[in-house]
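This is what each chain is made of:
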Amino acid sequence: MKKFKIKSGDTVKVIAGDHKGSEGKVLQILKDKDRVVVEGVNMVSKHTKPSAANPQGGIVKKEAPLHISNVALIENGETVRVGYDLDKESGKKVRVSRKSDKAI
């Protein structure tokens, strides 16, 4: 099983590609394809057929996945790299910022 340092709900910044500089919240992680879906970033137009759920059909704007290597975690407005450390009190493994050495 793959292990990523970015989780759903994290705020990330796009650091490469057409949407470089955009920020948003991670909505979904696609582990099998090494991709993430970021809220409001990499929007595409999807043509939908009329159906029972959507009788009108038409063009829908939605987020497309980005490769996970093209995003970086944001902490206090700055991009940070993520590491792991053991919590002294509980002994559990926690994510820490490599810039500030604080738990994320």
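Residues numbered from 1 in each chain as written. Predicted model: local features only at pLDDT ≥ 70, side-chain atom pairs only at ≥ 80, totals over all residues. Heavy atoms only, no water.

**Describing the overall build of the protein chain**
Right, on to step 1. In terms of helices and strands, the protein chain carries zero helices and 10 strands.
Right, on to step 2. Secondary structure elements in the protein chain, listed N-terminal to C-terminal, are β-β-β-β-β-β-β-β-β-β.
Right, on to step 3. Here the C-alpha radius of gyration of the protein chain, 17 Å, is well above what a compact globule of 104 residues would show, namely 13 Å.
Right, on to step 4. Expressed as a percentage of its 104 residues, the buried residues of the protein chain come to 26%.
Right, on to step 5. Of the contacts made within the protein chain by residues no fewer than 6 positions apart, 38% connect residues no fewer than 24 positions apart.
Right, on to step 6. Looking at the protein chain as shown, the accessible area adds up to about 7,400 Å², and 48% of this sits on carbon and sulfur atoms. (Helix = DSSP H or I, 4+ residues; strand = E, 2+ residues; numbered from the N terminus. Rg over C-alpha atoms; globule rule 2.2 N^0.38 Å. Buried < 20%, exposed > 50% of the residue type's maximum accessible area, 1.4 Å probe, protein only. Contact = heavy atoms within 4.5 Å. Areas by Shrake-Rupley, 256 points an atom, 1.4 Å probe, with all protein chains shown as cover.)

**So, the sheet that holds strand 6 (residues 66–67)**
Note: strands within a sheet are paired through backbone hydrogen bonds, in either parallel or antiparallel orientation.
Right, on to step 1. Strand order in the open sheet formed by six strands is 6-3-2-1-7-8, and the pairing between neighbours is antiparallel. Edge positions in the sheet fall to strand 6 and strand 8 (78–80), since each has one partner strand and no second.
Right, on to step 2. One ladder, built from three bridges, connects strand 7 (residues 71–75) with strand 8; its direction is antiparallel. In the strand pairing of strand 8, E75 is matched with E78. (Pairing = 2+ DSSP bridges.)

**Examining the packing of aromatic side chains**
The description of an aromatic ring pair rests on the distance of the ring centres and on the angle between the ring planes.
Right, on to step 1. Applying the stated rule across the entire model yields zero aromatic pairs.
Right, on to step 2. Above the face of the Y84 ring, K93 is positioned so that its terminal group lies 4.7 Å from the ring centre. (Phe/Tyr/Trp six-rings, centres within 6.5 Å; stacked < 30°, edge-to-face > 60°. Lys NZ or Arg CZ within 6 Å of the ring centre and 35° of its normal.)

**Digging into the UniProt feature "domain: KOW" (unreviewed entry) in the protein chain**
Right, on to step 1. The sites that UniProt annotates as "domain: KOW" (unreviewed entry) are residues 5–32.
Right, on to step 2. Split by type, residues 5–32 is 0% helix and 43% strand. Its first and last C-alpha atoms lie 15 Å apart. (UniProt positions renumbered as here; feature names shortened; annotations may be inferred.)

**Quick word on the pairing of strand 3 (residues 35–38)**
Consecutive residues of a regular strand have side chains that alternate between opposite faces of the sheet.
Right, on to step 1. Looking at chain direction, strand 2 (residues 23–30) and strand 3 are connected through four bridges and run antiparallel. In the strand pairing of strand 3, Q28 is matched with V37.
Right, on to step 2. Hairpin connection, strand 2 to strand 3: the antiparallel pair is bridged by four residues, and D34 has positive phi, about 55°.
Right, on to step 3. As judged from the two bridges shared by strand 3 and strand 6, these two strands associate in the antiparallel manner.

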